[in-house]
Amino acid sequence: MRVLVVYCHPVPESYSASIRDVAMDVLAKGGHEARLIDLYAEGFDPVMACAERRTYNEQAPDDPALESHIASLKWAQAILFIYPTWWYGLPAMLKGWLDRVWALDVVFSMPPGGGRITSLMKHVERVGVITTCGAPFWWSFLVGQPGRKTILRGMRALCAPLCRTMYMAHYEMDSSTDESRAGFLDKVRKKLGRW
């Protein structure tokens, strides 16, 4: 399976980087063809400019910096997001990537003048999230897990009708231990090994 891994963390030696490395290793050993987008490492610009927004509902993005991202989305059969949950949601960098890359004539088409959109992402059969959360599970659940819902409900709705989802979170990251982090990496290895 062709798996696009979208990774988002500003600190190169972060625990999220360990998750990314484990994920890439497991996918390779499982015979998957994995492609990595590291948003911070490449200096992705998440800010949608005025001109880009004015034409958002009229044409596909024409910024050359987005070409490889768009090509990767069209290539992928599965997408795995790895990021820290900040303030219960996606980091601004990742949200900006969704805003700018998941666009008209890339992931959806729309009749001129508006109307119901049509998905162009039916080739994506799996969507997964691996994240860290400072809050405990019960509080994240009470708040409504907006980051989880954005990707596994909102973005997944544009994928194949029977698209399978996966969600893994290391909760209480702010008080985590070497043991809890190692244990979570073991869970990532096992779950991705069956993905």
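Residues numbered from 1 in each chain as written. Predicted model: local features only at pLDDT ≥ 70, side-chain atom pairs only at ≥ 80, totals over all residues. Heavy atoms only, no water.

Enquirer: Help me out: how do you make sense of the pattern of salt bridges in this one?
Expert: Within this structure, the stated rule accounts for eight salt bridges. The closest approach of N and O atoms between Lys 95 and Asp 99, which form a salt bridge, is 2.6 Å. Residue Lys 95 and its partner Asp 99 are both found in helix α4 (residues 92-101); the two are separated by four residues, about one turn of the helix. Under the relative-accessibility criterion, Lys 95 is labelled partly exposed at 39%. We note a salt bridge from Arg 181 to Asp 178, for which the minimum N-O separation is 2.5 Å. One end of the pair, Arg 181, and the other, Asp 178, are both in helix α7 (residues 178-193), three residues apart, so they sit about a helical turn from each other. Accessibility expressed as a relative area gives 21% for Arg 181, which makes it partly exposed. Classification of Asp 178 as exposed rests on a relative accessible area of 54%. Taken together, the salt bridges that share partners define one network made up of Arg 20, Asp 21 and Asp 38. (Salt bridge = Lys/Arg side-chain N within 4 Å of Asp/Glu carboxyl O. Helix = DSSP H or I, 4+ residues; strand = E, 2+ residues; numbered from the N terminus. Buried < 20%, exposed > 50% of the residue type's maximum accessible area, 1.4 Å probe, protein only.)

Enquirer: Can you walk me through the environment of Arg 194 in this structure?
Expert: Residue position: Arg 194 is located in the segment after α7. A relative accessible area of 62% places Arg 194 in the exposed class. For Arg 194 and Leu 27, which are 167 residues apart along the polypeptide, the C-alpha to C-alpha distance reads 9.9 Å.

Enquirer: Teacher, can you tell me more about the pairing of strand β7 (residues 164-170) here?
Expert: Consecutive residues of a regular strand have side chains that alternate between opposite faces of the sheet. Within β7, five of the seven residues are buried, which leaves it mostly tucked inside the rest of the structure. Note: strand β6 (residues 126-133) against β7, seven bridges, orientation parallel. The partner of Val 129 across the bridge, within β7, is Tyr 167. (Pairing = 2+ DSSP bridges.)

Enquirer: It is not clear to me how the side chain of Glu 52 should be interpreted in this structure. Could you clarify?
Expert: You can see Glu 52 is positioned in helix α2 (residues 50-54). Residue class for Glu 52 comes out buried when judged on its relative accessible area of 18%. Within polar-contact distance, the side chain of Glu 52 engages the side chain of Arg 100 at 3.0 Å. The contacts of Glu 52, once residues within four sequence positions are left out, are Val 47, Leu 66 and Arg 100. (Polar contact = N/O pair within 3.5 Å; in protein donor to acceptor, adjacent residues only side chain to side chain. Contact = heavy atoms within 4.5 Å.)

Enquirer: I tried to follow the environment of Gly 113 on my own but got confused; where do I start?
Expert: Tracing the sequence through the fold places Gly 113 in the loop between β4 (108-109) and β5 (118-119). Spatially, the C-alpha atoms of Gly 113 and Leu 192 are 42 Å apart, while their sequence positions differ by 79 residues.

Enquirer: Got a minute to help me understand the sheet that holds strand β2 (residues 33-38) in this structure?
Expert: Adjacent strands of a sheet form backbone hydrogen bonds with each other and so pair up, either parallel or antiparallel. One open sheet holds the five strands; their spatial order is β2-β1-β3-β6-β7, and the pairing between them is parallel. Both edges of this open sheet fall to β2 and β7, since each of them pairs with a single strand only. Neighbour-to-neighbour, the strand axes of the sheet open up by a mean angle of 15°, direction not taken into account. Sheet analysis places strand β1 (residues 2-7) next to β2, joined by six bridges and oriented parallel. Within β2, the position partnered with Arg 2 by the bridge is Glu 33. (Axes fitted to C-alpha atoms, helices over the stretch in contact; angles between N-to-C directions.)

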